[in-house]
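Summary of structural features
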Amino acid sequence: QQQVKQSPQSLIVQKGGISIINCAYENTAFDYFPWYQQFPGKGPALLIAIRPDVSEKKEGRFTISFNKSAKQFSLHIMDSQPGDSATYFCAARPFSGGYNKLIFGAGTRLAVHP
Amino acid sequence: NAGVTQTPKFRILKIGQSMTLQCAQDMNHNYMYWYRQDPGMGLKLIYYSVGAGITDKGEVPNGYNVSRSTTEDFPLRLELAAPSQTSVYFCASSPNSGGPPYEQYFGPGTRLTVT
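Here is a short report on the structure shown in this document. Each chain carries its own residue numbering, running from 1 in the direction its sequence is written. Written order decides the labels, with chains lettered from A and ligands numbered from 1. Totals for whole chains, interfaces and linings use all residues, but because this is a predicted model, local features are given only for residues with pLDDT of at least 70 and pairs of side-chain atoms are given and counted only at 80 or more. Hydrogens and water molecules were not included; the side-chain quantities draw on all heavy atoms of the structure.

**Quick look at the overall build of chain B**
Per the convention used, a helix needs a DSSP run of H or I reaching at least four residues, while a strand needs a run of E reaching at least two, with both numbered from the N terminus. What chain B contains, in helices and strands, is zero helices and 11 strands. Starting at the N terminus and walking to the C terminus, you meet the elements of chain B as β-β-β-β-β-β-β-β-β-β-β. The C-alpha atoms of chain B give a radius of gyration of 14 Å, which matches the 13 Å a tight globule of 115 residues would have. Here's how the labels work: a residue is buried when its accessible area is under 20% of the maximum for its type, exposed when over 50%, partly exposed in between, all with a 1.4 Å probe on protein chains only. In chain B, which comprises 115 residues, the share counted as buried stands at 47%. Contacts in chain B between residues at least 24 apart in sequence constitute 55% of all its contacts with a sequence separation of at least 6. Only the protein chains shown count as cover for residues, with accessible areas throughout obtained via the Shrake-Rupley method and a probe of 1.4 Å. Surface accessibility of chain B: about 5300 Å² in total, with carbon and sulfur atoms responsible for 51%. Counted charges follow a simple rule, with Lys and Arg positive, Asp and Glu negative, and His plus the chain ends left uncounted. The location of each charge is read from NZ of Lys, CZ of Arg, CG of Asp or CD of Glu. Chain B carries 9 positive and 8 negative side-chain charges, and their two centres are separated by 10 Å. With C-alpha atoms as the basis for the radius of gyration, the globule rule is written as 2.2 Å multiplied by the number of residues raised to the power 0.38. In what follows, a contact means two residues having at least one pair of non-hydrogen atoms within 4.5 Å.

**Some words on the layout of surface pockets**
Where empty space is left becomes clear once a probe the size of a water molecule has been rolled over the atoms. Here the largest pocket is characterised by a volume of approximately 720 Å³. The definitions used throughout rest on a 1 Å grid laid over the protein atoms alone, on which a cavity is an enclosed set of points accommodating a 1.4 Å probe that cannot get out and a pocket is an open set flanked by protein within 12 Å on both sides along at least five of seven lines; lining residues are those having an atom within 4 Å of a point. Along the walls of the largest pocket sit 33 residues, with A:Gln38, A:Thr87, A:Arg109, B:Gln37 and B:Arg111 positioned nearest its centre. Of all elements in the fold, only β9 (86–94) and β11 (108–113) of chain A together with β4 (31–38), β9 (87–94) and β11 (110–114) of chain B reach the threshold of two or more residues within the lining of the largest pocket. Top element by residues in the lining of the largest pocket is β11(B). It accounts for four residues. Residue type decides the class: Asp, Glu, Lys and Arg count as charged, Ala, Val, Leu, Ile, Met, Phe, Trp, Tyr, Cys and Pro as nonpolar, and the leftover types, Gly among them, as polar. Taken together, the residues of the lining of the largest pocket sort by class into 12 nonpolar, 16 polar and five charged. Grid points are joined across faces, edges and corners, and a volume is the space filled by probe spheres set on the points.

**Observations concerning the sheet that holds strand β7 (residues 64–66) of chain B**
Residues and elements named next belong to chain B. On the basis of which strands lie adjacent, the open sheet formed by four strands has the order β1-β3-β8-β7 and antiparallel pairing. Looking along the sheet, the strands with just one partner apiece sit at the ends: β1 (4–7) and β7. Across the sheet, the mean angle from the axis of one strand to that of its neighbour is 20 degrees, orientation sign disregarded. Whether two strands pair depends on DSSP finding at least two bridges between them. Interaxial angle, 0 to 180 degrees, is taken between N-to-C directions of lines fitted to C-alpha atoms, where a helix line uses only the stretch in contact.

**Concerning the nonpolar core**
Grouped together as the largest cluster of nonpolar side chains are 24 residues, with contacts concentrated most on A:Phe33, A:Trp35, A:Phe73, A:Leu75 and A:Tyr88. Looking at this core element by element, the count peaks at four residues for β9(A). Dropping the residues within four chain positions of it, A:Phe33 is found in contact with A:Tyr25, A:Ile48, A:Ala49, A:Ile50, A:Pro52, A:Ile64, A:Phe66, A:Phe73, A:Ala91 and A:Ala92. Definition of nonpolar core: a set of buried residues of the types Ala, Val, Leu, Ile, Met, Phe, Trp, Tyr and Cys, connected through side-chain atoms within 4.5 Å. Of all hydrophobic cores here, the second largest spans 19 residues; its members include B:Leu13, B:Ile46, B:Phe74 and B:Cys91.

**A look at the packing of aromatic side chains**
Ring pairs shown here join Phe, Tyr and Trp side chains whose ring centres sit within 6.5 Å, with only the six-membered ring taken for Trp; geometry is labelled stacked below 30 degrees between planes, edge-to-face above 60, and tilted in between. Summed over the entire model, instances satisfying the criterion amount to 19 aromatic pairs over all chains. Look at A:Phe33 and A:Phe73: their rings are 4.9 Å apart centre to centre, the planes differ by 55 degrees, and that puts the pair in the tilted class. Remark: A:Phe73 occurs in strand β8 (residues 72–77) and A:Phe33 occurs in strand β4 (residues 30–38); sequence separation between them is 40 residues. For the pair formed by A:Phe33 and A:Phe73, the shared burial category is buried. Taking 6.4 Å as the distance between ring centres and 90 degrees as the angle between the ring planes, the aromatic pair formed by A:Phe89 and A:Phe104 counts as edge-to-face. Linking A:Phe89 in strand β9 with A:Phe104 in strand β10 (residues 103–104), this pair joins segments that are 15 residues apart in sequence. The structure contains a cluster of three or more aromatic residues connected by ring pairs, namely A:Tyr36, A:Phe89, A:Phe104, B:Tyr33, B:Tyr35, B:Phe90 and B:Phe106.

**Description of the pattern of salt bridges**
In the sections that follow, a salt bridge refers to a side-chain nitrogen of Lys or Arg positioned within 4 Å of a carboxyl oxygen of Asp or Glu. The final tally for this structure, using the stated rule, is seven salt bridges over all chains. Across the pair A:Lys57 and A:Glu59 runs a salt bridge whose closest N-O atoms are separated by 3.6 Å. Using a relative accessible area of 33% as the deciding quantity, one classes A:Lys57 as partly exposed. For B:Glu59, the salt bridge is made with B:Lys44, and the minimal N-O distance between the two is 3.6 Å. With B:Glu59 in the loop between β6 (54–57) and β7 and B:Lys44 in strand β5 (residues 42–51), this pair connects stretches of sequence that are 15 residues apart. Classification of B:Lys44 by relative accessible area gives partly exposed; the value is 22%.

If you want it as structure tokens, here you go:
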């Protein structure tokens, strides 16, 4: 069974600090790795994504690092702000699944304290 | 565009009752999905559809049924509700773009409690 394991389950960071969330996958048949951000009472929304032929992708304060050999990828939030407080999900798209299906991690609840 | 809309927002069911969760999208997306979100468990795929008249099971389909008679609508039916179906349900849609970002657009969710 294809799985994506995410850690930590919850994270507290001071304003201005770096938030790091890690994910690992157990199957090599994934071809796309997005991160979704979910605010309380809302549905998840795409934050940033990476393909496996790229080791790093940066968009503003958000960076994905991808280690293909270790089957791991992580989200770094630089200069974390209270407005970043949300639940973050990593995900992976099965290569053969089609239909844009995604396998989601369990989620990380991030709290950024002022 | 309203995006993906879901109704109702909240619902309390008694054990054994049935209900339909409504989902609609106005983006002309081919692909639609139903997820359930339980604390600490992430999003689990219940059913998905690749177009009108075509549906398939996801990871946790037991106790649910779906239909897709139009591109816009993808209702989820719960028959004989059980406490294990207490969850937040999200509907999502995605375009058949043939390439990245393969983005799924989520609705605001329906919080269901079965007692």
